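A structural walkthrough
Each chain, letter by letter, is given below.
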Amino acid sequence: MLKKTNIIWNYFQKYCLPPLCSNCNKRVGYLCQTCTKQLTFTINHSRIANCNHYYFSNYTPLLKTIIKAIKYDNYKQALRPIYNHLNQNPRIQSLLKQYDIWIPIPYHPNKLYQRGYNIIETMFKPIFDQNNVPIQYNLERKKNTNPLAKLSKINRKKTLKNAFKIKQKQKKNKKNLKIALVDDIVTTQTSMKECINILQESYSIDKLDCISLIKA
């Protein structure tokens, strides 16, 4: 029923309502040209556990507003300007093309059912596809956790403990892989660390890097 409700709302929003900019609320599209021009992405570097973490922006007020609209107001179309910015950046293209596979941090099936689409895939898959880097669904989320945004780092860690696992059919040793582990936003690093541990225990990996749009 939730899925059907999302479909009806998306149809009504697309064909019956003039789209509002997710940031300034002008009736000129899901992200107006003025706000789009304020988006800037570059390659930044940090570390998560024993892995490199490459992220393309800090969590600016503009991105907070856009991401909130995308996640909670069904503004999937606001992802397109973000994708276009990433796709037109040659340094980001050069970074992403070096991997053998990329693995998205998985959502729980119930979350995908409610939202109706996968934010990470929508944003990153076209760019990886363009560079011939295939997606693999090696991980799955077995715990349907409540929203984590308002939890402390300690409570988030407790909530995500044993939340992920390797998919049963993927349990074989793959050697010398260069893997990109991809998320939309990295806040406390808890999800990334859980997935890093699982992948490193399951595979022989040449390189495992973390990629995210935002570091909060």
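As a reminder, the structure under discussion sits directly above these lines.
About the cut-offs
- Residues numbered from 1 in each chain as written.
- Predicted model: local features only at pLDDT ≥ 70, side-chain atom pairs only at ≥ 80, totals over all residues.
- Heavy atoms only, no water.
- Helix = DSSP H or I, 4+ residues; strand = E, 2+ residues; numbered from the N terminus.
- Buried < 20%, exposed > 50% of the residue type's maximum accessible area, 1.4 Å probe, protein only.
- Contact = heavy atoms within 4.5 Å.
- Arc of directions from axis to C-beta.
- Expected span 1.5 Å × (residues − 1).
- Pairing = 2+ DSSP bridges.
- Core = buried A, V, L, I, M, F, W, Y, C linked by side-chain atoms within 4.5 Å.
- Phe/Tyr/Trp six-rings, centres within 6.5 Å; stacked < 30°, edge-to-face > 60°.

1. Overview of the environment of Phe-41
- With respect to the helices, strands and loops of the structure, Phe-41 is situated in the loop between helix 2 (33-36) and strand 1 (44-48).
- Taking the relative accessible area as the measure of exposure, Phe-41 reaches 10% and is therefore buried.
- Sequence-wise, Phe-41 and Phe-56 are 15 residues apart; in three dimensions their C-alpha atoms are separated by 5.0 Å.
- Among all residues touching Phe-41, those that are not within four sequence positions of it are Phe-56, Ser-57, Leu-63, Ile-82, His-85, Leu-86, Asn-89, Ile-92 and Leu-213.

2. A closer look at helix 7 (residues 119-130)
- Looking only at helix 7, the buried set comprises Ile-119, Ile-120, Met-123, Phe-124, Ile-127 and Phe-128. Down the axis of helix 7, the sector holding all buried residues measures 105°, keeping them to one side.
- Downstream of helix 7 by one or two residues, Asn-132 has phi in the positive range, about 60°.

3. Describing helix 3 (residues 61-72)
- Compared with an ideal rise of 1.5 Å per residue, which puts 12 residues at 16 Å, helix 3 spans 16 Å between its outermost C-alpha atoms and is within 8% of the ideal.
- On its buried face, helix 3 is in contact with helix 2, strand 2 (51-58), helix 4 (79-87), helix 7, strand 6 (177-186) and strand 7 (205-215).
- One or two positions beyond helix 3, positive phi appears at Asn-74, with a value near 60°.

4. Examining the pairing of strand 3 (residues 101-104)
- Where burial is concerned, the two faces of strand 3 agree: the one with Ile-101 and Ile-103 and the one with Trp-102 and Pro-104 are both buried.
- Across four bridges, the pairing between strand 3 and strand 6 is parallel. The residue bridging Ile-101 from the neighbouring strand is Ile-179, located in strand 6.

5. Considerations on the environment of Asp-183
- Tracing the chain through its elements places Asp-183 in strand 6.
- Taking relative accessible area as the criterion, Asp-183 reaches 9% and is therefore assigned buried.
- C-alpha separation for the pair Asp-183 and Cys-210, spaced 27 residues apart in sequence, amounts to 7.9 Å.
- For Asp-183, the residues in contact, after removing those within four places along its chain, are Ile-105, Ile-120, Phe-124, Met-192, Ile-211, Ser-212 and Leu-213.

6. Digging into the nonpolar core
- Core analysis: the biggest nonpolar cluster contains 65 residues, and Phe-56, Ile-82, Leu-86, Phe-124, Leu-181 and Ile-211 have the highest contact counts within it.
- Counting residues per element, this core draws most heavily on strand 6, which supplies seven residues.
- With residues up to four places along the chain from it excluded, the contact list for Leu-86 reads Phe-41, Phe-56, Ile-92, Gln-93, Met-123, Phe-124, Ile-127 and Leu-213.

7. What to know about the packing of aromatic side chains
- On inspection of all chains with the given rule, the structure shows three aromatic pairs.
- Seen from their ring centres, Trp-102 and Phe-128 are 4.7 Å apart, and the 10° between their planes marks the pair as stacked. Residue Trp-102 is found in strand 3, and its partner Phe-128 is found in helix 7; the two are separated by 26 residues along the sequence. For the pair Trp-102 and Phe-128, one class covers both residues: buried.
- Judged by centre distance (6.4 Å) and plane angle (40°), the ring pair of Phe-124 and Phe-128 falls under tilted. Of this pair, Phe-124 and Phe-128 both sit in helix 7, four residues apart, which is roughly one turn of that helix. The pair formed by Phe-124 and Phe-128 is uniform in burial state, with each residue classed as buried.

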